[in-house]
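Structural features, examined
These are the residues of each chain, in order.
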Amino acid sequence: MTRRALILGGNRTPFARSNKEYSHASERDLLTAALDGLAARYGLAGERIGEVAGGAVIKHPRDINLTREAVLGSAFAPTTPAYDVGMACATGLEAILGISNKIRLGQLESGIGGGADSTSDAPLVLGDNARTALLDAMRAKTAAQKLKAFARLRPADLAPQGPGAGEQRTGKSMGEHQAMTTLEWGISRQAQDELAALSHQRAGKAWDEGFFADLVTPFLGVSRDTNLRPDSTVEKLGKLSPVFGTKLDGEATMTAGNSTPLTDGASAVLLGSDEWAAEHGLTPLAQIVDAEAAAVDFVSGAEGLLMAPAYAVPRLLARNGLTFADFDVVEIHEAFAATVLCHLAAWESEEYCRERLGLDGPLGSIDRDRLNPLGSSLAAGHPFAATGGRIVAQVAKYLHATGKQRALISICAAGGEGLAAIVEAAK
Amino acid sequence: MSDTYLDLVNGPLRGIAKKLGLPAPVPLRRFSADDPQHGYLAEPVLVAGSTPGAEALAGLLVDAGFSVQRAADPGQRYSAIIAAYDGAQTPADLQDATLAVGTALRGLVTCGRVITLSDAPATADEAAVAPVDPALNAARGGVTGILRSAAHEMRSGSTANGILLDGVGPEAPSVAAALWFLLSAKSAYVSGQFLTVDSERGRRIGAADFAATGDSAAAPLAGRVAVVTGAARGIGAAIVEVLRRDGAQVYGVDVPAAGQALADTMNRVRGTAIQADITAPDAADTIAAAVGRPIDILIHNAGITRDKMLANMDAGRWSSVLGVNVLSQLRMDDRLDELGAWGDAPHVVSLASTSGIAGNRGQTNYAASKAGVIGMAAAAADSFARRSGSINAVAPGFIETEMTKKMPVLTRQVARRLSSLAQGGLPRDVAEAIAFLASDAAAGINGRTLRVCGQNMVGA
């Protein structure tokens, strides 16, 4: 029998809107805080963990070894190895999956997967003009060559460039890409605002009930996700002006309220084998069963940028002989409310499922009561690489606490990528 | 927390302070795991008196390797002077041992110890149930006066405390434990107090094992599972560190908002952080589930103040203070009982306060909760005794914490000098007393309140 990769717990910082409370915290600080909270929650200070995998999407050039540096600054033993992972917004989930696969193979007894992102403490870089001119000047052998290189510099070149959420191959922002898909699927403003309001309300209720007390450790005076608006309603959200798709040929429906804001935060998930969990007196919450990645051709316009999970999920279900009815919980990362709604519509569409997904008929509908029962990124916020850890830890606790059996996780990512995973109760 | 006055009178202003007769606090001798003397001092111990108690204590000390003298020598330096009064029948019996202490007192070293051993006097209620000879009870009561006055006369960081035998002989295991505690640097800020031993229960422990630390199997709390509420900062964090030092595996509880500090504190001791509000109805369930194994030690440390003069007191301030400081403890102890979450011999120690003994302006709510804790410990003692455990309270006086740091400068200076040791205590001083009472060795001490106040003049 193959070994199980158990989810033993998780910890994250509260997520804070960009350029606010965490403005002066680096991604290393954030990830270290997430690791420290995890060590404290499970009494693991000084413990050597098999491996820690993590990453950040908006990453400083100096942070080539971000995760290892965070481990060195944390309460875990300095003999704990670590490596960085990168898959845009799926970074955290991919890190967790990599660790879980190593546990299942017997390469690891314990591991931690997670990630951190800060769009506040962001790297600023010189534009390509300035950068190549300065590099050429550095390589120049003679004074004349140096002068020639410097002469290429224009004052405007010296303005630093911040990180962009733009796609390199299309130049369009993620929101603009989603706006095209939203229009294509005819997703209404009302439907998006309803999903956003529900996300806030559900997350707010879970916070009030203390559900996050053993999932989140406060950081820099922040104890709750600062983006959370538990009193959010469709009426309030309806007053916001559209920010994406305003130049498209159709109604612009995506607002700041039904899109995730830029957020800072970090998360970490503790994984281990049955033996390791027993040795450390830890109660398994759930296990990672399987996962599937997909990617789409958004460059040519053949598919929407964020629609890759639409492909990953049916392949994952088919391999495991499951349908949506077999899942008690479905966690679809809310990059935008419309992303979730486009996926639901796509899986209900016979035409799409036949022509794009190669299925015999529609994949099916998802019971809305089972969808994101604790709210998702629209409420919590979305520090890119930290989202996977947030979802995995909370869904594992949710399965354990409610006695439910199986959960599906789906996360879309830049570059037209997507990642889906199945999590089951540990029993 | 710095005490500038203490630094000055032990430095540049030593001469002036002495001439002016100003308070002369000295830095107290405190326990350190690295101390080659294990928290004891090298000079001989004088054991005055020729009672069975004197024989028993002298025997314990000799066995532990102390140099013991049985007659006062005026030229000798003593690390401790023990006066045994057990068996005294009349106040006339108190004279010899007391004068022997007086003869030796000038030889007491800095941070030395005076310890009395005597029989516990009967209260009026006890005497009504079991009549006691008035002369005998006058002798027993007299020791209280001797000890408390001697404590006021102590200089240079020395303390005076007593051990009371309440229906037990001097061989009771907890008498030895009390002796080690009072002799040790662990009791640095305890003075003018009595430890009452009223049962033969308790693990017999030697002086060296009392000072054992870390992962040593001999350490006083080795292998014990301890839960500390309000563990993130201040006295709570000190309790966590001292319990761990004494061998316990520690689980710290604090409100979710204090989570970052709690994680740091617990990671320092390789302990476990539990983010929970102790006033929540299911707090005990949450804690028991997070610990996941029998709880041997529970320290009710979490507490709040919401000061207001009685004329301005409101329901919010009243109920929140009572809710956190005492009602949560009553509920948690009961619920842990129902859950069967206690270990075989559970020890509970609750934080009281000298305000709960003497009262304090603006603190009717706080004093009610802290006096309540003292009453709770007394009443719950029987039920804990039945399961071989104990429940006690510790009442700190002026302790240097973030809270007292916020006092006005002059008020703080006066508050510090208002004790026989003329200085504030440290959080670890409170923690040492708690760790002692939470040990199996001290199980014969039950239902009591131990003050850690440097013999504060308030509420004496």
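Worth saying up front: this structure is predicted, and the values here are computed from it rather than measured.

Things to note about the overall build of chain A
- When its secondary structure is counted, chain A shows 14 helices and 12 strands.
- Its C-alpha atoms give chain A a radius of gyration of 22 Å, within 12% of the compact-globule value 22 Å for 427 residues.
- By residue count, 58% of the 427 residues in chain A fall in the buried class.
- The contacts in chain A between residues at least 6 apart in sequence include a share of 79% that link residues at least 24 apart.
- On chain A, roughly 17,000 Å² of surface is accessible, and the fraction owed to carbon and sulfur atoms is 52%.
- Seen as two clouds, the 41 positive and the 50 negative side-chain charges of chain A have centres 5 Å apart.

So, the UniProt feature "domain: Thiolase C-terminal" (unreviewed entry) in chain A
- Within this numbering scheme, the UniProt entry marks residues 283–424 of chain A as carrying the feature "domain: Thiolase C-terminal" (unreviewed entry).
- Span residues 283–424 of chain A is 36% helix and 21% strand, its end C-alpha atoms 14 Å apart.

What about the confidence of the model for chain B?
- Chain-level statistics for chain B give a pLDDT mean of 94 and a share of 99% at 70 or above.
- The ipTM, which scores confidence in the relative placement of chains, is 0.89 for this predicted complex, and the corresponding pTM is 0.92.

A few points about unusual backbone geometry
- Backbone geometry at L220 of chain A places phi at a positive 50 degrees, although glycine is not the residue there.
- By relative accessible area, which is 44% here, L220 of chain A ends up partly exposed.
- For A422 of chain B, which is not a glycine, the phi torsion comes out positive at approximately 55 degrees.
- Mapped onto the elements of the fold, A422 of chain B is located in the loop between helix 16 (409–417) and helix 17 (427–437).

Concerning the packing of helix 4 (residues 128–139) of chain A against helix 5 (residues 143–151) of chain A
Residues and elements named next belong to chain A.
- The interhelical angle for the contact between helix 4 and helix 5, taken along N-to-C directions, is 175 degrees, at an axis separation of 8 Å. Of the possible angle classes, the one that applies to helix 4 and helix 5 is roughly antiparallel. Residues A133, L134, D136, A137 and M138 of helix 4 lie in contact with helix 5, whose contacting residues are K146, A149 and F150.
- When grouped by side-chain class, the residues that make up the contact of helix 4 with helix 5 number six nonpolar, no polar and two charged.

Focus: the domain arrangement of chain B
All names here are of chain B.
- What the domain assignment lists for chain B is domain 1 (1–27), domain 2 (31–197) and domain 3 (218–452).
- For domain 2 versus domain 3, the distance between C-alpha centres works out to 28 Å.
- Tallying the contact residues gives 20 residues for domain 2 and 25 residues for domain 3.
- Across the interface of domain 2 and domain 3, roughly 1,900 Å² is buried in total on both sides, 61% from carbon and sulfur atoms.
- On the surface where domain 2 and domain 3 come into contact, there are two salt bridges.
- Here D166 makes a salt bridge to R448, at a shortest N to O gap of 3.6 Å.
- Here domain 2 and domain 3 share six residue pairs in polar contact (both at pLDDT 80 or more) between them.
- For the side of domain 2 that touches domain 3, the secondary structure elements donating two or more residues are helix 6 (134–153), helix 7 (173–183) and strand 6 (194–197).
- Considering each element in turn, the side of domain 2 that touches domain 3 owes the most residues, five residues, to helix 7.
- Taken together, the residues of the side of domain 2 that touches domain 3 break down into 11 nonpolar, seven polar and two charged.

Quick word on the sheet that holds strand 4 (residues 108–119) of chain B
- Spatial ordering of the open sheet is given by 2-1-3-4-5-6 (chain B), a layout of six strands whose pairing is parallel. Two strands close off the open sheet at either side, each with one partner strand: strand 2 (68–69) and strand 6 of chain B.

A short note on the interface of chain B and chain A
- On the side of chain A, 18 residues touch chain B, which itself brings 12 residues to the contact.
- Of the roughly 1,100 Å² buried between chain B and chain A, counting both surfaces, carbon and sulfur atoms make up 50%.
- In this assembly, chain B and chain A are joined by six residue pairs in polar contact (both at pLDDT 80 or more).
- Taken together, the elements giving at least two residues each to the side of chain B that touches chain A come down to helix 10 (259–268) and strand 9 (272–275) of chain B.

Points about empty space enclosed by the protein
Residues and elements named next belong to chain A.
- Enumeration over the complete set of coordinates arrives at seven cavities of 30 Å³ or more.
- As a volume, the largest cavity reaches approximately 70 Å³.
- Every residue along the wall of the largest cavity is listed here: L195, L198, S199, R202, E334, R368, L371, N372 and G375.
- In terms of residue class, the lining of the largest cavity is made up of three nonpolar, three polar and three charged.

Points about a nonpolar patch on the surface
Residues and elements named next belong to chain B.
- Nonpolar side chains collect at one region of the surface, where L8, L13, I16, L20 and L22 lie side by side and expose about 420 Å² of accessible area between them.
- Along the chain, L13 falls in the loop between helix 1 (4–9) and helix 2 (14–20).
- Look at L13 and you get partly exposed, because its relative accessible area is 34%.

Side note on the packing of helix 12 (residues 315–339) of chain B against helix 14 (residues 364–386) of chain B
All names here are of chain B.
- At a minimum axis distance of 8 Å, the contact between helix 12 and helix 14 shows a crossing angle of 15 degrees. One element, helix 12, and the other, helix 14, form an angle in the roughly parallel class. The interaxial crossing formed by helix 12 with helix 14 has right-handed handedness. Touching R317, W318, V321, L322, N325, V326, Q329 and L330 of helix 12 are T364, N365, Y366, A368, S369, K370, G372, V373 and M376, all from helix 14.
- Partitioned by chemical class, the residues of the contact of helix 12 with helix 14 number nine nonpolar, six polar and two charged.

Let's talk about the pattern of salt bridges
All names here are of chain A.
- Inspection of the entire model under this criterion finds 38 salt bridges over all chains.
- Here D367 ties to R370 by a salt bridge, and the two come within 3.8 Å at their closest N and O atoms.
- Look at D367 and you get partly exposed, because its relative accessible area is 39%.
- Across the salt bridge formed by E424 and R406, the nearest N and O atoms sit 2.9 Å from each other. Of this pair, E424 sits in strand 12 (residues 417–425) while R406 sits in strand 11 (residues 406–413), and the two are 18 residues apart along the sequence. Assigned by exposure class, E424 and R406 land together as buried.
- By sharing partners, the salt bridges in this structure join D290, E292, R315 and R319 into a single network.

How each quantity is defined
- Residues numbered from 1 in each chain as written.
- Chains lettered and ligands numbered in written order.
- Predicted model: local features only at pLDDT ≥ 70, side-chain atom pairs only at ≥ 80, totals over all residues.
- Heavy atoms only, no water.
- Helix = DSSP H or I, 4+ residues; strand = E, 2+ residues; numbered from the N terminus.
- Rg over C-alpha atoms; globule rule 2.2 N^0.38 Å.
- Buried < 20%, exposed > 50% of the residue type's maximum accessible area, 1.4 Å probe, protein only.
- Contact = heavy atoms within 4.5 Å.
- Areas by Shrake-Rupley, 256 points an atom, 1.4 Å probe, with all protein chains shown as cover.
- Lys, Arg positive; Asp, Glu negative; His and termini not counted.
- Charge placed at Lys NZ, Arg CZ, Asp CG, Glu CD.
- UniProt positions renumbered as here; feature names shortened; annotations may be inferred.
- pLDDT = per-residue confidence, 0-100.
- Axes fitted to C-alpha atoms, helices over the stretch in contact; angles between N-to-C directions.
- Parallel < 35°, antiparallel > 145°, perpendicular 65-115°, else oblique.
- Nonpolar A, V, L, I, M, F, W, Y, C, P; charged D, E, K, R; others polar.
- Domains from an automatic or database assignment.
- Buried area = accessible area lost by both parts, 1.4 Å probe.
- Salt bridge = Lys/Arg side-chain N within 4 Å of Asp/Glu carboxyl O.
- Polar contact = N/O pair within 3.5 Å; in protein donor to acceptor, adjacent residues only side chain to side chain.
- Pairing = 2+ DSSP bridges.
- 1 Å grid on protein atoms, 1.4 Å probe; cavity = no way out; pocket = protein on both sides within 12 Å on 5 of 7 lines; lining within 4 Å.
- Points joined across faces, edges and corners; volume = space filled by probe spheres on them.
- Patch = residues over 30% accessible without salt bridge, like charges linked within 9 Å, V, L, I, M, F, W, Y side chains within 5 Å.
- Left-handed = near helix turned anticlockwise from the far one by under 90°.

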